[in-house]
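# What the coordinates show
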Amino acid sequence: MLLLDAANLATKILLYGASLAAIGAALHGALGLHANRRAYFWLAALVGLTALMRLLVLNAQMGGSLGAALSLDQFGWTWAGGGRPALSLLAGAILLFAASIAKWRVLLMFAAVGISAGFGLTGHTAGLEAPGLAPWVVSVHVLIAGFWLAAPVTLWPGPAMTDSDVLARTEAFSRVARLIVPLLFVSGLYLFWRVNGDFLSALSSGYGRLLAAKLLAATLILGLGALNMTRVTHQLAAEPARGRATLRITLRLDAVLFTLILGIIAAATTISGPME
């Protein structure tokens with residue numbers, strides 16, 4: 001069982017990381033912020049592979065051991081619980097793969113929506129007695145999170161980029177972020193309330209404390225984003241060298257916090273739960 005639990009946690013981290021990276025790459029490409037067709041290909045492959053790996057792990061959990069991963073005896077039950085999310089993820093991956101071949105931005109947008117919808121079809125919100133809008137909010141939350149997670153890659157001031165290119169890309173990202181990123185925080189609070197109830201009661205459980213830690217990390221990321229949209233952007237315009245250095249620092253911190261959040265989410269949905 002220890003190996004099965006480890007496989008469950010590892011595949012969740014891989015799936016979450018690959019999916020958010022794919023969503024971010026697709027959205028940034030669709031919005032004209034940053035395009036990398038080779039990255040679309042590899043991210044599509046990774047999302048498809050990890051989605052299939054999750055199905056195998058779910059099947060192994062149904063059978064009670066890793067050896068049951070390929071067993072067909074309980075696959076009907078596995079598919080009933082994980083089939084729709086897997087299909088949504090695979091559909092998004094196929095669209096992202098198509099976007100790596102055809103230069104159609106609309107494919108990128110549909111790919112991002114398809115992958116994010118897969119998370120609305122599973123998880124604790126989908127299991128609520130009356131989920132209502134919660135699964136839809138999850139999809140939107142994941143969609144925006146993917147957009148934000150790609151910032152360290154899109155905004156990184158590489159040596160091949162001119163100062164004007166760095167400033168233009170940062171300003172373009174900030175224009176979109178200031179409109180949608182606050183919704184990331186609001187939707188996170190809503191989902192926390194729907195799953196856990198009131199804040200103080202939630203802190204009495206390990207699951208609630210993990211989600212509270214996630215909200216804290218997200219708040220720090222929002223603070224870094226506000227810094228980028230104000231002081232760093234001003235520095236990039238007035239003192240490009242200093243602005244580049246500051247931008248690198250904030251993007252590194254973003255990457256660390258995003259990694260921490262991925263681990264928290266995987267732990268919350270694997271070793272804990274809202275009814276703990």
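Please refer to the structure higher up on the page.
Quick summary incoming for the structure in this document. (Residues numbered from 1 in each chain as written. Predicted model: local features only at pLDDT ≥ 70, side-chain atom pairs only at ≥ 80, totals over all residues. Heavy atoms only, no water.)

It is worth spelling out the overall build of the protein at this point. What the protein contains, in helices and strands, is 10 helices and 0 strands. Start at the N end of the protein and walk to the C end: the helices and strands fall as α-α-α-α-α-α-α-α-α-α. Radius of gyration (C-alpha) of the protein: 19 Å, near the 19 Å computed for a compact globule of 276 residues. When the backbone C-alpha atoms are referred to their principal axes, the protein occupies close to 65 × 50 × 35 Å. Counting over 276 residues, the protein shows a buried share of 47%. Across the protein, contacts joining residues at least 24 apart in sequence account for 73% of those joining residues at least 6 apart. Per element, the accessible surface of the protein, about 13700 Å² overall, is 72% carbon and sulfur. (Helix = DSSP H or I, 4+ residues; strand = E, 2+ residues; numbered from the N terminus. Rg over C-alpha atoms; globule rule 2.2 N^0.38 Å. Buried < 20%, exposed > 50% of the residue type's maximum accessible area, 1.4 Å probe, protein only. Contact = heavy atoms within 4.5 Å. Areas by Shrake-Rupley, 256 points an atom, 1.4 Å probe, with all protein chains shown as cover.)

This brings us to the packing of helix H3 (residues 75–99) against helix H4 (residues 105–120). Interaxial distance between H3 and H4 falls to 7 Å at its minimum, and their mutual angle equals 160 degrees. Judged by the inter-axis angle, H3 sits roughly antiparallel to H4. Two packed elements cross with a definite hand, and for H3 against H4 that hand is left-handed. Residues Pro85, Ser88, Leu89, Gly92, Ala93, Leu95, Leu96, Ala98 and Ala99 of H3 lie in contact with H4, whose contacting residues are Leu107, Leu108, Phe110, Ala111, Gly114, Ile115, Ala117, Gly118 and Phe119. Partitioning the contact of H3 with H4 into residue classes produces 14 nonpolar, 4 polar and no charged. (Axes fitted to C-alpha atoms, helices over the stretch in contact; angles between N-to-C directions. Parallel < 35°, antiparallel > 145°, perpendicular 65-115°, else oblique. Left-handed = near helix turned anticlockwise from the far one by under 90°. Nonpolar A, V, L, I, M, F, W, Y, C, P; charged D, E, K, R; others polar.)

Here we take up the pattern of salt bridges. The full count for this structure, using the stated rule, is 2 salt bridges. When the shortest N-O distance is used, the salt bridge between Arg244 and Asp163 registers 2.8 Å. With Arg244 in helix H10 (residues 240–270) and Asp163 in helix H7 (residues 163–196), the pair connects residues that are 81 residues apart, well separated along the chain. Among the residues examined, Asp163 registers a relative accessible area of 37% and is labelled partly exposed. Two residues, Glu239 and Arg242, come together in a salt bridge whose shortest N-O distance is 3.6 Å. (Salt bridge = Lys/Arg side-chain N within 4 Å of Asp/Glu carboxyl O.)

Right, let's talk about the packing of aromatic side chains for a bit. As enumerated under the stated definition, the model contains 7 aromatic pairs in all. Here Phe41 and Phe97 contribute two aromatic rings whose centre-to-centre distance is 5.7 Å and whose plane-to-plane angle is 50 degrees, an arrangement assigned as tilted. Of this pair, Phe41 sits in helix H2 (residues 37–63) while Phe97 is found in helix H3, placing the two residues 56 residues apart along the sequence. Here Phe41 falls in the partly exposed class, since its relative accessible area comes to 34%. Taking relative accessible area as the criterion, Phe97 reaches 37% and is therefore assigned partly exposed. Relative to Trp193, the ring of Tyr190 has its centre 5.9 Å away and its plane inclined at 50 degrees; by these criteria the two rings are tilted. (Phe/Tyr/Trp six-rings, centres within 6.5 Å; stacked < 30°, edge-to-face > 60°.)

Attention now goes to H7. If you check H7, its first and last C-alpha atoms are 46 Å apart, about what 34 residues at 1.5 Å a residue would give, namely 50 Å. The largest bend in H7 amounts to roughly 45 degrees and is located at Arg178, with the proline Pro182 lying one to four residues further along. (Expected span 1.5 Å × (residues − 1). Bend = angle between axes of the 7 residues up to and from the residue.)

Between its terminal C-alpha atoms helix H9 (residues 206–238) stretches 47 Å, which fits the 48 Å expected from 33 residues at 1.5 Å a residue. The axis of H9 is deflected most strongly, by about 40 degrees, at Asn228.

A surface patch of nonpolar side chains, amounting to about 440 Å² of accessible area, comprises Phe41, Trp42, Phe97 and Ile101. Following the sequence through the fold, Trp42 ends up in helix H2. Classification of Trp42 as exposed rests on a relative accessible area of 56%. (Patch = residues over 30% accessible without salt bridge, like charges linked within 9 Å, V, L, I, M, F, W, Y side chains within 5 Å.)

What follows is about empty space enclosed by the protein. Tallied over the entire structure, the rule returns 1 cavity of 30 Å³ or more. Approximately 40 Å³ is the volume found for the largest cavity. Around the largest cavity sit Trp148, Leu155, Thr170, Phe173, Ser174, Gly225, Asn228 and Met229, which together line it. Of the residues that constitute the lining of the largest cavity, the class distribution is 4 nonpolar, 4 polar and no charged. (1 Å grid on protein atoms, 1.4 Å probe; cavity = no way out; pocket = protein on both sides within 12 Å on 5 of 7 lines; lining within 4 Å. Points joined across faces, edges and corners; volume = space filled by probe spheres on them.)

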